[in-house]
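# Coordinate inspection notes
For reference, the chains in residue letters:
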Amino acid sequence: MLRHICSGLFLRMFILLAVAIVIAAWPDSVGRQGFLPKRRVVMKKIIRKPETTLSALQPKKRTHHIRLKPLIVIQHQPDSKAEDAPPLIQQYVVGESNERRPIECLVFGEGEDGILVMATIHGDEIAGTLLVRQLERHLRAHPKLLAGRRVMLLPVVNPDGRERNSRYNANGVDLNRNFKTVNRQNSRRHGFFALSEPETRAIVRAIRQCDPNRVITLHQPLACIDYDGPGRDLAQHIATCCNLPVRKLGAMPGSLGSYAGIELGIPTITLELPGEVERLGPRYLWDQYGNALIASVMYPTFVDVVCVQDKKSDYNGFWGGP
Ligand SMILES: [Zn+2]
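Residue indices begin from 1 for each chain and proceed along its sequence in written order. Residue-level local features of this predicted model are given only where pLDDT is at least 70; pairs of side-chain atoms are given and counted only at 80 or more, and the full residue set underlies all totals for whole chains, interfaces and linings.

## Quick notes on unusual backbone geometry
Note the following rule: Secondary structure follows DSSP: runs of H or I at least 4 residues long count as helices, runs of E at least 2 residues long count as strands, and numbering of each begins at the N terminus.
Of note, the amide linkage connecting Gln220 to Pro221 takes the cis form, showing an omega dihedral of 5 degrees. With respect to the helices and strands, Pro221 occurs in the loop between strand S6 (214–219) and strand S7 (222–228). Here Tyr299 and Pro300 are connected by a cis peptide whose omega angle stands at 5 degrees. You can see Pro300 is positioned in the segment after helix H9 (282–298). Phi is positive for Arg100, which is not a glycine, with a value near 65 degrees. Relative to the helices and strands, Arg100 resides in the loop between strand S2 (89–96) and strand S3 (102–108). The phi torsion at Asp211 lies on the positive side, around 45 degrees, for a residue other than glycine. Its location among the elements puts Asp211 in the loop between helix H6 (198–210) and S6.

Put into structure tokens, the structure is as follows:
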């Protein structure tokens, strides 16, 4: 009888002791180590694995890594040493508008010095497109200008607005207020969030692809040369070659100037042509402003031209800004 009681008591004590040891050894969720530290180390290793993938996904401000597939390589003369050899010209589509219109892009040359020229971000400011087309012809005819340079041309970055003759895109958004900047303001006209519009994203893609040393964007009708970021010298350089004065208009919220000029630190010129000047035709535009565009490409080398002395802007104000 006594032997029976003792063995039952011993069994109960053994079970209680075993349970106490398991509880003490098991690590809990608030970080108590217990007796099993090796288990925690193994778990940490498993958690660390995805970190490299996450860092690879972080966007970079200026990068060559995005490569666009060329639609057409029009000419390719990589081995030619002749000064008048045809330049390398590549044609791309950098994106599509809301209404699926392609946003076209031409790249001339392969040099280190990148220059990005774009027009008609406001769809009713079409003189810039005519000028960019003239610049395209000039670069084809004068390949010497491309020595050491790479010129990217975006003739129409707001094709839906161009189609409607409207400042805005098909969603009614001002693309020059839609970039991701510190001074951006969310609204229907500026987009409810940064880069909400496919056209703006296409421009950002073009900037990453080109990695430019300077950006020239053509607008109307303020008749002046505005700049953002470290662009003052470039603005003055361009002003020696046309009758437009340098005028600091201030950084507009969410604008290309705020994004490329101030946030990325790329000298960014807003070349404001006079209003309705497109009516005078592409030949007139090239006579008046062609040297300004060539100067922006050749900077800091001066263009050999007779500079215009009269630098008056007769424009007194415009509600929308550049
Ligand atoms: Zn404009």
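## Observations regarding the pairing of S3
Condition: With C-beta atoms placed from the backbone, a residue is buried if 20 or more other C-beta atoms are within 10 Å of its own, exposed if 12 or fewer are, and partly exposed between those counts. A pair of strands is considered paired only if DSSP assigns at least 2 bridges between the two.
Counting buried positions along S3 gives 5 out of 7 residues, so the element sits mostly inside the fold. In this structure, S2 lies alongside S3, joined through 7 bridges in antiparallel fashion. Residue pairing across strands places Gln91 opposite Leu106, the latter belonging to S3. Two elements, S3 and strand S5 (residues 149–154), share 3 bridges in a ladder whose sense is antiparallel. Its bridge partner being in S5, Leu106 is matched across the sheet by Leu153.

## Here we look at H6
A turn of α-helix holds 3.6 residues, and therefore any two residues three or four places apart point the same way. Rules: In a helix, the anticipated span is given by 1.5 Å times the number of residues less one. Note on contacts: each residue gets a C-beta atom placed from the backbone, and two residues are in contact if those atoms are within 7 Å.
The end-to-end C-alpha distance of H6, which contains 13 residues, comes to 18 Å, matching closely the 18 Å that a straight helix rising 1.5 Å per residue would cover. Taking burial as the measure, the 13 residues of H6 include 10 buried ones, the bulk of the element. All of the buried residues in H6 are Glu199, Thr200, Ala202, Ile203, Val204, Ala206, Ile207, Arg208, Gln209 and Cys210. For H6, the elements touching its buried residues are S2, S3, strand S4 (113–119), S5 and helix H8 (256–263). At the C-terminal side of H6, Asp211 shows a positive phi close to 45 degrees.

## Considering the nonpolar core
Heads up, the rule is: Put simply, a nonpolar core is a cluster of buried Ala, Val, Leu, Ile, Met, Phe, Trp, Tyr and Cys residues tied together by C-beta atoms within 7 Å.
Grouped together as the largest cluster of nonpolar side chains are 69 residues, with contacts concentrated most on Cys105, Val117, Leu131, Ala206 and Ile238. Those residues in contact with Leu131 that sit more than four places away from it in its chain are Ala119, Leu218, Leu285, Trp286, Tyr289 and Leu293.

## Points about the environment of Glu263
Tracing the sequence through the fold places Glu263 in helix H8. Once the C-alpha coordinates of Glu263 and Gly229 are considered, the two residues, 34 residues apart in sequence, prove to be 7.9 Å apart. In contact with Glu263, not counting residues within four places along its chain, are Thr181 and Ser258.

## Here we look at the packing of helix H7 (residues 232–239) against H9
For any two helices packed against each other, the geometry is given by the interaxial angle and the distance between the axes. Convention followed: Every angle, taken between N-to-C directions, lies between 0 and 180 degrees, and every axis is a line fitted to C-alpha atoms, over only the stretch in contact when it is a helix. For classification, angles of less than 35 degrees are called roughly parallel, those exceeding 145 degrees roughly antiparallel, those between 65 and 115 degrees roughly perpendicular, and all remaining angles oblique. By definition, turning the near helix anticlockwise from the far helix through less than a right angle yields a left-handed crossing, and turning it clockwise yields a right-handed one.
At a closest axis distance of 8 Å, the pairing of H7 and H9 adopts a crossing angle of 140 degrees. Taken together, the axis directions place H7 and H9 in an arrangement best described as oblique. With respect to the hand of their crossing, H7 and H9 are arranged in right-handed fashion. Touching Leu234, His237 and Ile238 of H7 are Ala292, Ala295 and Ser296, all from H9.

## Digging into the packing of helix H4 (residues 127–141) against H9
Orientation of H4 relative to H9, taken along the N-to-C sense of each, is 70 degrees, at an axis distance of 9 Å. Considered as vectors, H4 and H9 are oriented roughly perpendicular to each other. Seen along the crossing, H4 lies across H9 with a hand that is right-handed. On H9, the residues touching Ala127, Leu130, Leu131, Arg133, Gln134, Leu135 and His138 of H4 are Pro282, Leu285, Trp286, Tyr289, Gly290, Leu293 and Ile294.

## Describing H9
Just so we agree on the cut-off: Two axes are fitted around each residue, one to the seven residues ending there and one to the seven starting there, and the angle between them is reported as the bend at that residue.
At Tyr289, H9 shows its largest kink, close to 55 degrees. Those residues of H9 not exposed but buried are Leu285, Tyr289, Gly290, Asn291, Ala292, Leu293, Ile294, Ala295, Ser296 and Val297. Packed against the buried residues of H9 are S4, H4, S5, S6, H7 and strand S8 (268–274).

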